[in-house]
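Each chain is listed here by its residues.
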Amino acid sequence: MPRPKKRTLQFRVFLIGELTLTNLLDWLITLLLGGILCFNIWQLGGARAETQLITAWMCGGLLLLHGLWFALCPQEGRYAFQKNALLLMPFLAYALLQWLVISPAPWEARGDFILVLEAFILFWVAIHNLRRRQHVWLLLAMICFFSALTILPAYNQAMRRPAWCPAIINPMDGQTYGVKLSAVFHGKAAGTMGSPAAFAGLMLLIISPLLVGAFCRRLTPPIRFLCFFLALMAMYALTLTQSLPALLAMTTGLLLCPFLLATKPKWKMYAFLCALLVPVLGLTYLYFTQSGFSALVNQALKGEYSDPRPALWLAGLKNFLAHPVTGQGMSSFGWLFELRRPEGFNFSPVYAHSAYLNFLGDFGLLGVLFVLPVFWMLTQAMRTLSAQPQFVLLEHPLKRKVVPNKRMFLSGVLMAFFAFGVQLFFEFNLRVPALLFIVAIYLAIMIKCLPTTIYHLSANKLTGPVCFAAAAVVTVGLLSIASPYLLGQAYAFESERLNETTIAALNERFTPEAETLEDALHFAQEAVTLDPNNPRLRTDLAEAILNQNFIHPAAHAEYGLLAEEQVRLALELSPEYLHAWIALGTALWMQGDYAGAQEAYRKGTEIAPNNAIPWYYLAASLNLEPGTRQQALVAIDRSLELDPSNTSSQQLRMKILIP
């Protein structure tokens, strides 16, 4: 007789399930995924270098856990790889090529590549480790409900404390420090994201899943009511951002709701009318309660309001047309914008205010080719959604009709993608880490609902260690790329902050504190040590050296010489960097080489003929000698023509006219 099988003792815990190594690792990875997202949502969208440094280490830990899960937990003696997860690897390789070879600003492209790599890691891990619907539910709940917590500070900003922003964790000293919301955003809701547009993007990504949870017959009534309440709060918070593109995007997303959520024709009609009514109510509320918004509307009706976006869109389009195949290079927009700057445009943009034009200008048609799998997946998701039944019958504990899990997941993420995609026509929110990470998780959830091919690898004594070693290699690669770069960026931001404090003191006619200037110089030196091939950091170091003149005025020539050395190294790396030419002019000026300073400033006007700043410096240098005072007047008139409201240029013009 065959021997009876031995019974094994299994423990099951509510929600978690069996207490096995595989299951516990899945839950731990799910919680870490949610922790990364929540941390970035709270820390100004994860945009600051200090936050990105912590995020890089968290992603490294996540990848190591994922590799450990692969190594220790083969399923039925095999390792499984999702085919759809591999479809985005060509774009990752292309982004690496852009950073190392194509981009004219590799020191900037490095930061964007780190962001792309982290998003891919989250995407890859989510596809393979969110293996049960409970994992997906928990992760969606963490995203939606933690994002909803940011609504309360958004209300506080719009109505009571316009300068509030969350405290930033600084890993360099383990302390936190406060930042203030930019004055240009006062009166608008920005939540914890630090920008109304980014906060609106966060609300767009959670409104749709919350509405699905509220109106799909699956969750319990109290949870459905909570989802509906949070969705209304999110809509109101989005309205308080006063972002018209975000209101347009929310409207387009809401118009999809009747067709995906309602089952009866009359309910579809009622829901469609409500979706049209929401933006009307929002705009009416803003017009009668927010004086700044009503003033902008009145200016627009009179034709007096101007938006900087068209100029940025035109620059992005010109970048693409100049190099349509490969693009200008990743992260090149802000670095090359001076070549496209129109007259009278006095902003300093980093990205075009359109994610699509920015992508085309950076990556070209090759980049579009490599992201086509995403559009294919979206098409497959819509086909899968249309094939899903409206309801299924539960067998336990009560026989009631409920919406299938797959239909709920697909409805929520597809509506969120559609609304967020509309906003991307007007914003560059994919460059915000928190938003990009949420998009990566949503994409992974969508892919898990699709039929796909699974690649299997037989498990043996060698494959497990190889899988873990591969995860370790990628982790070490990520941290070796990210840690010195992001730490250098953090030092540079601290140096810039201290320099701004010095400038503010000078504007108020106070003597700058010696300790502040010395700290700024120290941080700038540390930044250059960590990232020596970054011309921006070398220029910042030169400016920090020049500022030492305020506490040691007798040594101005020595400081000018030291600054000149740094600036010339920066110009070797990027000969077209405007701020380096201005810093070179100032360094030569401090050494008494006035002719060299004029030449440097004149070079700046050639690089950026429509920027008022180099014309101002050229006028100041020409005003030193009576014989060139007429040329100085021409230069300062050009500066005022480009920026009539610049008080420094106005004062310099009076000084030239009345010596």
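All values reported here derive from a predicted model rather than from experimental measurement.

**Student:** Sorry, what's going on with the overall build of the protein chain here?
**Tutor:** A tally of regular secondary structure across the protein chain gives 26 helices and eight strands. For the protein chain, the C-alpha radius of gyration of 28 Å lies close to 26 Å, the compact-globule estimate for 659 residues. By principal-axis analysis of the C-alpha atoms, the protein chain measures approximately 110 × 65 × 45 Å. A total of 659 residues make up the protein chain; the buried ones form 52% of that total. Taking the intrachain contacts of the protein chain between residues at least 6 apart in sequence as the baseline, contacts between residues at least 24 apart amount to 73%. Surface accessibility of the protein chain: about 31000 Å² in total, with carbon and sulfur atoms responsible for 65%. When the 47 positive and 39 negative side-chain charges of the protein chain are each reduced to one mean point, those points stand 24 Å apart.

**Student:** Help me understand helix α9 (residues 221-240), please; the structure alone is not making it clear to me.
**Tutor:** An α-helical turn contains 3.6 residues, so a residue and the one three or four places further along point in the same direction. A rise of 1.5 Å per residue sets the reference length of α9, with its 20 residues, at 28 Å; its end C-alpha atoms lie 29 Å apart and thus fit the reference within 8%. Turning to α9, its buried residues are C227, L230, A231, M233, A234, M235, A237, L238, T239 and L240. As for α9, its buried residues are in contact with α6 (133-149), α7 (151-159), α8 (196-215), α10 (244-261) and α11 (265-289). Downstream of α9 by a residue or two, Q242 has a phi angle that is positive, lying close to 60°.

**Student:** Explain the layout of surface pockets here, please?
**Tutor:** To locate leftover empty space, one rolls a probe as large as a water molecule over the atoms. Space inside the second largest pocket adds up to approximately 1400 Å³. For the second largest pocket, the lining is made up of 44 residues, of which V374, F375, L424, L430 and V439 are closest to its centre. Those elements giving two or more residues to the lining of the second largest pocket turn out to be α4 (89-102), α5 (106-129), α10, α15 (355-387), α16 (405-423) and α17 (433-448). A per-element tally of the lining of the second largest pocket places α15 first, with 15 residues. In terms of residue class, the lining of the second largest pocket is made up of 37 nonpolar, four polar and three charged.

**Student:** Help me understand the nonpolar core in this model?
**Tutor:** The tendency in soluble globular proteins is for nonpolar side chains to be buried side by side. Among the nonpolar cores identified, the biggest contains 134 residues, and L33, F123 and M203 are the most heavily contacted of them. Counting residues per element, this core draws most heavily on α5, at 15 residues. Counting 51 residues, the second-largest nonpolar core is a separate cluster that includes L541, A597, A612 and L652.

**Student:** Looking at this structure, how should I read the environment of A587?
**Tutor:** The topology assignment puts A587 in helix α22 (residues 578-590). Residues A587 and A597, spaced 10 residues apart in sequence, show a C-alpha to C-alpha distance of 7.7 Å. If we ignore the near neighbours within four places in the chain, the residues touching A587 are L546, G560, A563 and E564.

**Student:** Help me understand a positive patch on the surface in this model?
**Tutor:** Taken together, the side chains of R217, K264, K266, R400 and K401 make up a positively charged region of the molecular surface. Within the fold, R217 resides in the loop between α8 and α9.

**Student:** Explain the pattern of salt bridges to me, please; I cannot follow it from the model alone.
**Tutor:** Proximity of charged atoms lets side chains of opposite charge pair with each other. All chains considered together, the criterion is met by 14 salt bridges. Of the charged contacts, one joins R48 and E50 as a salt bridge, the two residues approaching to 3.6 Å between their closest N and O atoms. The exposure class assigned to R48 is partly exposed, which follows from its relative accessible area of 24%. For E50, a relative accessible area of 2% translates into the label buried. Ionic pairing is found between R568 and E564, a salt bridge with its closest N-O pair at 2.8 Å. Note that R568 and E564 are positioned in helix α21 (residues 556-573) at a spacing of four residues, about one turn of the helix. We classify E564 as buried; its relative accessible area is 14%. Salt bridges here are not isolated pairs; linked through shared partners, they connect E108, E496 and R536.

**Student:** Sorry, what's going on with the packing of helix α24 (residues 612-622) against helix α25 (residues 629-642) here?
**Tutor:** When two helices pack together, their arrangement is given by the angle between the helix axes and by the axis-to-axis distance. Remark: α24 packs on α25, axes separated minimally by 8 Å, with the N-to-C direction vectors making an angle of 160°. Judged on the interaxial angle alone, α25 and α24 are roughly antiparallel. Along this stretch, α24 crosses α25, giving a crossing that reads as left-handed. Residue-level inspection shows A612, W615, Y616, L618, A619 and L622 of α24 in contact with α25, the latter providing R629, Q631, A632, A635, I636, R638, S639 and L642. Along the lines of polarity and charge, the residues of the contact of α24 with α25 split into 10 nonpolar, two polar and two charged.

**Student:** Mind showing me how you'd approach a nonpolar patch on the surface here?
**Tutor:** A cluster of nonpolar side chains, F259, W267, M269, Y270, F272, L273 and L276, forms an exposed patch at the surface whose accessible area comes to about 720 Å². Structurally, F259 is set in helix α10.

**Student:** Explain empty space enclosed by the protein here, please?
**Tutor:** Tallied over the entire structure, the rule returns one cavity of 30 Å³ or more. As a volume, the largest cavity reaches approximately 50 Å³. Together, L204, I207, S208, L211, A249, M250, G253, L254 and A419 line the largest cavity. Mapped onto the lining of the largest cavity, the elements with two or more residues apiece are α8 and α10.

**Student:** I'm lost on the packing of helix α18 (residues 463-507) against helix α20 (residues 535-547) in this one. Help?
**Tutor:** Relative orientation of the contacting elements α18 and α20 amounts to 35°, with a least axis distance of 11 Å. Between α18 and α20 lies a crossing of left-handed hand. Across from Q489, A492, F493, S495, E496 and N499 in α18, the residues of α20 making contact are R536, L537, D540, A544 and N547. Taken together, the residues of the contact of α18 with α20 sort by class into four nonpolar, four polar and three charged.

**Student:** What's the story with the packing of aromatic side chains in this structure? I'm lost.
**Tutor:** Aromatic rings considered in pairs are described by the distance between their centres and by the relative angle of their planes. On inspection of all chains with the given rule, the structure shows 30 aromatic pairs. Their ring planes at 70° and their centres at 6.3 Å tell us that W42 and F146 sit as a pair that is edge-to-face. Of this pair, W42 sits in helix α1 (residues 21-42) while F146 sits in helix α6; the two residues are 104 residues apart in sequence, bridging distant segments of the chain. The class for F146 is partly exposed, based on a relative accessible area of 23%.

**Student:** Is there a simple way to think about a negative patch on the surface in this case?
**Tutor:** A cluster of acidic side chains, namely E513, E515, E518 and D519, defines a negative patch on the protein surface. Within the element layout of this structure, D519 appears in helix α19 (residues 514-530). Take D519: its relative accessible area is 31%, and that puts it in the partly exposed class.

**Student:** Whenever I open this one, unusual backbone geometry confuses me. Can you help?
**Tutor:** What you tend to see is this: most non-glycine residues have negative phi, and most peptide bonds are trans. Its identity is not glycine, yet L44 carries a phi of approximately 55°, on the positive side. If you trace the backbone, L44 turns up in the loop between α1 and α2 (49-72). The phi angle at S331 is positive, at roughly 65°, despite the residue not being glycine. Its place among the elements puts S331 in the loop between α13 (309-322) and α14 (333-336).

What counts and how
All chains use their own residue numbering, which begins from 1 and follows the written sequence. For this predicted model, a pLDDT threshold of at least 70 governs which residues receive local features, and a threshold of 80 or more governs which side-chain atom pairs are given and counted, while totals over whole chains, interfaces and linings are taken from all residues. Note that the side-chain values use all heavy atoms of the structure and ignore hydrogens as well as water. In this description a helix means any DSSP run of H or I spanning at least four residues, a strand means any run of E spanning at least two, and both kinds are numbered starting from the N terminus. Only C-alpha atoms enter the radius of gyration; for comparison, a globular chain is expected to reach 2.2 Å times N to the power 0.38, where N is the number of residues. Partly exposed residues are those whose accessible area sits between 20% and 50% of the maximum for their type, while under 20% is buried and over 50% is exposed, using a 1.4 Å probe and protein chains only. By definition, residues are in contact when any of their heavy atoms lie within 4.5 Å. Note that accessible areas follow from Shrake-Rupley with a 1.4 Å probe, and for residues the cover is restricted to the protein chains shown. In summary, the charge assignment counts Lys and Arg as positive and Asp and Glu as negative, without counting His or the chain termini. Where a charge lies is defined by one atom per residue type, namely NZ (Lys), CZ (Arg), CG (Asp) and CD (Glu). Residue count minus one, scaled by 1.5 Å, sets the expected span of a helix. A 1.4 Å probe that fits into a set of points on a 1 Å grid over the protein atoms alone but cannot get out defines a cavity; an open set with protein on both sides within 12 Å along at least five of seven lines defines a pocket, and lining residues are those with an atom within 4 Å of a point. Grid points are joined across faces, edges and corners, and a volume is the space filled by probe spheres set on the points. Under the scheme applied here, ten amino acids are nonpolar (Ala, Val, Leu, Ile, Met, Phe, Trp, Tyr, Cys and Pro), four are charged (Asp, Glu, Lys and Arg), and all others, including Gly, are polar. The term nonpolar core refers to a set of buried residues drawn from Ala, Val, Leu, Ile, Met, Phe, Trp, Tyr and Cys, joined through side-chain atoms within 4.5 Å. By definition, no residue in a patch forms a salt bridge, and every one has over 30% relative accessible area; like charges are joined within 9 Å, nonpolar side chains (Val, Leu, Ile, Met, Phe, Trp, Tyr) within 5 Å. Salt bridges, as used here, are contacts in which a Lys or Arg side-chain nitrogen is within 4 Å of a carboxyl oxygen on Asp or Glu. Note on definitions: angles span 0 to 180 degrees between N-to-C directions of axes, and those axes are lines fitted to C-alpha atoms, for helices only across the stretch in contact. Convention used here: angles under 35 degrees read as roughly parallel, angles over 145 as roughly antiparallel, angles from 65 to 115 as roughly perpendicular, and any remaining angle as oblique. Note on convention: the crossing is left-handed when the near helix lies turned anticlockwise from the far helix by less than a right angle, right-handed when the turn is clockwise. Classification of ring pairs rests on two measures: the distance between centres of Phe, Tyr or Trp rings, Trp counted by its six-membered ring, which must be within 6.5 Å, and the angle between planes, read as stacked under 30 degrees, edge-to-face over 60 and tilted in between.

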